[in-house]
There are 2 protein chains.
Amino acid sequence: MENVPYKIYLREDEMPKQWYNLRADLKTDHAPILNPATLQPVTVKDLEPIFCAEMAKLELNATNRFIDIPEELLAIYRMFRPSPLVRAYCLEKELGTPAQIYYKFEGNNTSGSHKLNSAFAQAYYAKEQGLTSLTTETGAGQWGTALAMACSYFGLKAKVYMVKVSSQQKPYRKVLMETYGAEIIPSPSDTTAVGRKILAEHPSSGGSLGCAISEAVEVAVANPGTRYVLGSVLDHVLLHQSIIGLEAKLAMNKYDIYPDIVVGCAGGGSNLGGLMAPFMADKLAGRSHPYFIAVEPASCPTLTRGRFAYDFGDTGQVTPLIKMYTLGGGFIPSPNHAGGLRYHGMNATMSQLYHDGYLDEARAVEQSEVFKSAVQFARVEGILPAPESSHAIKVAIDEALKCKESGEAKTILFGLSGTGYFDLSAYAAYNAGTMTDFIPTDEELAQGFSYIPKLPGIQE
Amino acid sequence: MENVPYKIYLREDEMPKQWYNLRADLKTDHAPILNPATLQPVTVKDLEPIFCAEMAKLELNATNRFIDIPEELLAIYRMFRPSPLVRAYCLEKELGTPAQIYYKFEGNNTSGSHKLNSAFAQAYYAKEQGLTSLTTETGAGQWGTALAMACSYFGLKAKVYMVKVSSQQKPYRKVLMETYGAEIIPSPSDTTAVGRKILAEHPSSGGSLGCAISEAVEVAVANPGTRYVLGSVLDHVLLHQSIIGLEAKLAMNKYDIYPDIVVGCAGGGSNLGGLMAPFMADKLAGRSHPYFIAVEPASCPTLTRGRFAYDFGDTGQVTPLIKMYTLGGGFIPSPNHAGGLRYHGMNATMSQLYHDGYLDEARAVEQSEVFKSAVQFARVEGILPAPESSHAIKVAIDEALKCKESGEAKTILFGLSGTGYFDLSAYAAYNAGTMTDFIPTDEELAQGFSYIPKLPGIQE
């Protein structure tokens, strides 16, 4: 193992040519997505007014374990992939741990995160279908930027509903997306019926991903040639993001490395599931037994304090129903700086894996601890991490310090999903000692749960 | 050439283990740096109160063509190097040019540019010498960030004088440097005698690199255990930056590629000289004849409209005298957004090469054209470039379009020295159509030239 370099890059001809469909290997398939009007499993036809046709098919009908990445898309991926798998030698030395720490770094592209993997895929299929315009929501802005870049590349219009509190915290995110030709609207807005309704009820609302999704879906359905795309939560997004884990595993194979612990930050599940997918496949098949940890903000504790139930993906209750861990579509998280993790739900496949115990543990952490780890990491590894990714850093460091106590030389893999160049107002608050933590009370959670629908014969 | 990948990475064990000293191969050595008090060539002893001892020695006494990179520094370089050499397939397609365009991309690190190459080197030698603190100036903030990162790594204090107009344009740069533990002072400031003098004469001054240097030098000389470090202009910085060109050449060698045209943006010369160095060595030795183009902002036209004369490196006239192209140390450029190019002078070695015709051409371009090229590049290559680097992009595109007209399949190499994440106020101005161009009048230049010292027996 002496010869492991600081960064392991695959050659371009070694990059995966297929995505991996984790759902195909589930021991217990997750419950079907339901049409809220009929409470029957949703059909491709139901979804087609909202989503690109190919995305609807992938979401509902993908049963193959591996799905080809189109040739043109493979060429585009080479603009920003393969991403490096980094051996955190400097962090290991700083911690004095016998653990070997690796991270898959997805931040070396202008969107600043892994989101570009799915944005280019979804824009590609939209272009193939002859669509002219896409709508979406964004929290931290990484998904919005990724979609703006992909739409710019394919000559599609992009309309991005950005969670209002994030748009205020990150004015330059807006400029970046506009530089790529996208139109940005802080959400809730008065441009949609659902936005106006939310504003009427909560005039000072800072918004949430759930609200922004409702607005973006409403606009997509109402306009010809337009569809809605989503950067997380759905299985087809996880499919695109499986390239993270596939590359990580191939890079590790080169040096005969295998993780004992896999750590990912948990928002809607795209980075989490993408990183874990091929290692989870090994666990499901009994080939190996890595320990999986999902890390979420204590301010939005979907897995650790949420319910496993059918719920809407949005606040306005316009989406299909997904059986998932949820805090309730009406749960508006306090303005945690990790905007990308401020979502009430979790991907259905990852929810099922957590429910069934294959995703071993979810851990909720407070943001001031997260930023402490982020700064420690930045100073020795030379990368300013995104607040979202820093949730994984915090737990990777904690696990490495446990190894220091126990003397175990475990191999820890975590996902460094993005960079924090647009999160410097949060870093400024941390530097100034004015960062506060937010933990919802049981009453606040109960308020969120009240939005989870009662479905006769399915859930009360 | 069919098999050239999108990104050519060297393996870590292929990375250069020596820097290349371009000065050693000059046909006519540049004039010696002078002590302004004696008008005699400056000695290491003269420089030691200002600079780290090893930097002073490298600056004055380096005659070897190759100089070993210390082992510990090689290990640190692996945190963020090798950097990719990118084949701009998407840009070529967009332009419809037969030219083959390559760029060496130095922006994939948190400082956002090539500056980290020299920052880590200088901080390493400072630590070796037992110093405790470093002072410097920064314009765009890339050098300041790089030095903050390097000082943080080695446990040194960093005090950064940031050109006031840049600090106003880029508030988050300050936060980023502070996150790495640096102290940031907008310049001109009242913390130094020279700053107070400049403020008294020009109370509303937006500052310049020349002013900020004066302040940083004053503080370094006045405080024990403290030295001044510079991110450009001097030969030892070019030496460190030669790793850019050395890596680019090794990467090209792998695929039997050699540039017909080499384009770099020109501020103080660090990126320009670093990229060009090994190719210039070939030209000086008659082994090849690439055409070299230095691109500077029309608002700060050092090479195209400056004088080749001895001048101070700063505004306060506290530095040694360098024979270089200069607009005069008192020239305060208008607030062009490319803060890293707002310097009145140019490295002596690069000045000599331009004077002697080996650096074939300098071209001044206006910033609105530069941003037009930057956005075109960002949309197809997926990287948001720094305004400084975008000067090189603009000319690379122009040259590729000339190839389209002539039908020539030239190979163009340019330096993409950094990213523009902290330049979004400039992009916002460009997007809004409110960006203006600045071209100094002959009278304004004459005003600057009046600061060039008259030196009895040397220059009148």
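Please read these numbers as outputs of a predicted model, since none were measured by experiment.

Visitor: Which parts of the structure should I look at to understand the sheet that holds strand E10 (residues 261-265) of chain A?
Guide: The strands that make up a sheet pair up through hydrogen bonds in the backbone, lying either parallel or antiparallel. Residues and elements named next belong to chain A. Spatially, the 7 strands line up as an open sheet ordered E1-E4-E5-E15-E10-E11-E14, and their pairing is mixed. The open sheet has two edge strands, strand E1 (7-8) and strand E14 (361-365), and neither has a second partner. In the sheet, strand E11 (residues 291-297) pairs with E14 via 5 bridges, with the strands oriented parallel. From the neighbouring strand, Glu296 faces E14, where its bridge partner is Ala364.

Visitor: What's the story with the interface of chain B and chain A in this structure? I'm lost.
Guide: A common measure of how large an interface is: the accessible area buried when the components associate. Taken residue by residue, the interface counts 42 residues in chain B and 42 residues in chain A. A buried area of about 3,700 Å², summed over both sides, lies between chain B and chain A, and 57% of it is on carbon and sulfur atoms. Ranking the residues of chain B by area buried against chain A places Tyr172(B), Arg379(B) and Tyr421(B) at the top, with a combined share of 19%. Across the chain B-chain A interface, the total number found is 0 salt bridges. Elements with a minimum of two residues in the side of chain B that touches chain A: helix H6 (142-154), helix H8 (171-179), helix H15 (367-381) and helix H17 (424-432) of chain B. In terms of residue count, H8(B) provides more of the side of chain B that touches chain A than any other element does, 6 residues in total. Taken together, the residues that form the side of chain B that touches chain A break down as 25 nonpolar, 10 polar and 7 charged.

Visitor: Would you mind going over the pairing of strand E5 (residues 100-105) of chain A with me for this structure?
Guide: All names here are of chain A. Of all 6 residues in E5, 6 are buried, a share of seventy percent or more. Of the two faces of E5, the one holding Gln100, Tyr102 and Lys104 and the one holding Ile101, Tyr103 and Phe105 are both buried throughout. As paired strands, strand E4 (residues 85-87) and E5 are joined by 3 bridges and run antiparallel to one another. The residue of E5 that forms the bridge with Leu85 is Lys104. Of the strand pairs in this sheet, E5 and strand E15 (residues 411-416) are connected by 6 bridges, and their pairing is parallel.

Visitor: How should I be thinking about the side chain of Asn35(A) in this particular structure?
Guide: Residues and elements named next belong to chain A. With respect to the helices, strands and loops of the structure, Asn35 is situated in the loop between strand E2 (18-20) and helix H1 (44-47). For Asn35, the side chain forms a polar contact with the side chain of Asp46, separated by 3.3 Å. Dropping the residues within four chain positions of it, Asn35 is found in contact with Gln40, Pro41, Val42 and Asp46.

Visitor: Please clarify how the environment of Glu59(A) should be interpreted in this entry.
Guide: Residue and element names in this part refer to chain A. By secondary structure assignment, the location of Glu59 is in helix H2 (residues 53-61). For Glu59, a relative accessible area of 5% puts it in the buried group. Sequence spacing of Glu59 and His236 is 177 residues, and the spatial spacing of their C-alpha atoms is 5.2 Å. When near neighbours in sequence (up to four residues on either side) are disregarded, Glu59 contacts Arg23, Ile33, Leu234, Asp235 and His236. Polar side-chain contacts of Glu59 include one of 2.7 Å to the side chain of His236.

Visitor: Hey, could you run me through the environment of Tyr325(B) in this one?
Guide: Along the polypeptide, Tyr325(B) turns up in strand E13 (residues 321-326). Taking the C-alpha atoms as reference, Tyr325(B) lies 6.1 Å from Thr302(B); in sequence the two are 23 residues apart.

Visitor: Looking at this structure, how should I read the nonpolar core?
Guide: The tendency in soluble globular proteins is for nonpolar side chains to be buried side by side. Trp19(A), Phe414(A), Trp19(B) and Phe414(B) are the most contacted members of the largest nonpolar core, which totals 201 residues. With residues near it in sequence (within four places) discarded, Phe414(B) still touches Ile101(B), Tyr102(B), Tyr103(B), Lys104(B), Val263(B), Leu275(B), Phe377(B), Ala392(B), Ile393(B) and Ala396(B).

Visitor: How do you make sense of unusual backbone geometry when you look at a structure like this?
Guide: For residues that are not glycine, phi is negative in most cases, and the peptide bond is trans in most cases. With omega at -5°, the peptide bond leading from Arg81(A) into Pro82(A) counts as cis. Relative to the assigned elements, Pro82(A) resides in the loop between helix H3 (71-77) and E4. Cis geometry marks the peptide bond from Ser187(B) to Pro188(B), where omega comes out at 5°. Structurally, Pro188(B) is set in the loop between strand E8 (183-187) and helix H9 (193-201). Located in the positive-phi region is Asp256(A), a residue other than glycine, with phi close to 60°. Structurally, Asp256(A) can be placed in the loop between helix H11 (235-254) and E10.

Visitor: I'm lost on helix H11 (residues 235-254) of chain B in this one. Help?
Guide: All names here are of chain B. Along its 20 residues, H11 runs 29 Å from first to last C-alpha, staying within 8% of the 28 Å computed at 1.5 Å per residue. At Gln241, H11 shows its maximal bend, which comes to roughly 35°. Of all the 20 residues making up H11, 16 are buried; the element is thus mostly covered by neighbouring parts of the structure.

Visitor: Please clarify how the sheet that holds strand E8 (residues 183-187) of chain A should be interpreted in this entry.
Guide: All names here are of chain A. Read from one edge to the other, the open sheet built from 4 strands follows the order E8-E7-E6-E9, with strand pairing classed as parallel. Taken across any chain shown, the strands that pair with only one partner, and hence form the sheet edges, are E8 and strand E9 (226-228). Strand after strand, the sheet turns through a mean of 20° between neighbouring axes, direction not considered. Strand direction decides the pairing type here: strand E6 (residues 133-138) and strand E7 (residues 157-163), joined by 6 bridges, are parallel. The residue of E7 that forms the bridge with Glu137 is Tyr161. Those strands touched by helix H6 (residues 142-154) are E6 and E7, and its axis lies near 165° from that of E6.

Visitor: Hey, could you run me through H17(B) in this one?
Guide: The α-helix advances 3.6 residues per turn, and as a result positions three or four apart in sequence lie on the same side. Taken together, the buried positions of H17(B) are occupied by Leu424(B), Ala426(B), Tyr427(B) and Ala429(B). Looking at the packing, one finds that the buried side of H17(B) touches helix H8 (171-179) of chain A together with H15 and helix H16 (387-406) of chain B.

Visitor: Any chance you could explain the relation of the copies chain B and chain A here in plain terms?
Guide: Superposition of the two copies of the chain requires a rotation about an axis and a shift along the axis. After a rotation of 180° and a shift along the axis of 0.0 Å, chain B superposes on chain A with an RMSD of 0.0 Å. What the rotation and shift describe, once combined, is the action of a two-fold rotation axis. Relative to the rotation axis, the C-alpha of Asn108(B) is the closest in chain B, positioned 3.0 Å from it. Both copies contact each other with a shared surface, as 100% of the interface residues of chain B are interface residues in chain A too.

Visitor: I would appreciate a short explanation of the packing of aromatic side chains in the present structure.
Guide: The geometry of an aromatic ring pair comes down to the distance between the two centres and the angle between the two planes. Applying the stated rule across the entire model yields 41 aromatic pairs over all chains. Between Tyr124(A) and Tyr125(A), the aromatic rings sit 5.2 Å apart at their centres with planes inclined by 70°, giving edge-to-face as the arrangement. Neither Tyr124(A) nor Tyr125(A) differs from the other in exposure class; each is buried. Residues Tyr6(B) and Tyr89(B) carry aromatic rings whose centres are separated by 4.9 Å and whose planes lie at 55° to one another, so their mutual orientation is tilted. Placement of Tyr6(B) in the segment before strand E1 (7-8) and of Tyr89(B) in helix H4 (residues 89-95) is noted, with a sequence separation of 83 residues between them. What makes Tyr6(B) buried here is its relative accessible area of 16%. According to the relative accessible area criterion, Tyr89(B) is partly exposed, its value standing at 22%. A connected cluster of aromatic rings, assembled from ring pairs, spans Tyr77(A), Phe80(A), Phe120(A), Tyr124(A), Tyr125(A), Tyr153(A) and Phe154(A). Between Lys323(A) and the ring centre of Phe308(A), over which it is positioned, the NZ or CZ distance is 4.7 Å.

Visitor: Help me out: how do you make sense of the pairing of E7(A) in this one?
Guide: On a regular strand, each side chain points to the face opposite its neighbour's, so the side chains alternate between the two faces of the sheet. Residue and element names in this part refer to chain A. E7 sits mainly inside the fold: 5 of its 7 residues count as buried. In this fold, the crossover linking E6 to E7 by way of H6 has right-handed handedness. Note: E7 against E8, 5 bridges, orientation parallel. Counted as the bridge partner of Val160 is Ile184 from E8.

Visitor: I keep staring at the confidence of the model for chain A and nothing clicks. Help me out?
Guide: Atom-level detail of predicted coordinates should not be read off regions where pLDDT is low. Mean pLDDT for chain A: 95, with 99% of residues reaching 70 or above. Listed scores for the predicted complex are pTM 0.95 and ipTM 0.93.

Visitor: It is not clear to me how the side chain of Ser189(A) should be interpreted in this structure. Could you clarify?
Guide: All names here are of chain A. By secondary structure assignment, the location of Ser189 is in the loop between E8 and helix H9 (193-201). For Ser189, the side chain forms a polar contact with the side chain of Glu215, separated by 2.7 Å. Ignoring anything within four residues of it in the chain, the contact list for Ser189 reads Tyr161, Gly195, Arg196, Leu199 and Glu215.

Rules of the game
Residues numbered from 1 in each chain as written. Chains lettered and ligands numbered in written order. Predicted model: local features only at pLDDT ≥ 70, side-chain atom pairs only at ≥ 80, totals over all residues. Heavy atoms only, no water. Pairing = 2+ DSSP bridges. Helix = DSSP H or I, 4+ residues; strand = E, 2+ residues; numbered from the N terminus. Contact = heavy atoms within 4.5 Å. Buried area = accessible area lost by both parts, 1.4 Å probe. Salt bridge = Lys/Arg side-chain N within 4 Å of Asp/Glu carboxyl O. Nonpolar A, V, L, I, M, F, W, Y, C, P; charged D, E, K, R; others polar. Buried < 20%, exposed > 50% of the residue type's maximum accessible area, 1.4 Å probe, protein only. Polar contact = N/O pair within 3.5 Å; in protein donor to acceptor, adjacent residues only side chain to side chain. Core = buried A, V, L, I, M, F, W, Y, C linked by side-chain atoms within 4.5 Å. Expected span 1.5 Å × (residues − 1). Bend = angle between axes of the 7 residues up to and from the residue. Axes fitted to C-alpha atoms, helices over the stretch in contact; angles between N-to-C directions. Least-squares fit on C-alpha atoms with pLDDT ≥ 70 in both. Phe/Tyr/Trp six-rings, centres within 6.5 Å; stacked < 30°, edge-to-face > 60°. Lys NZ or Arg CZ within 6 Å of the ring centre and 35° of its normal. Right-handed = clockwise from strand over helix to strand, strands pointing away. pLDDT = per-residue confidence, 0-100.

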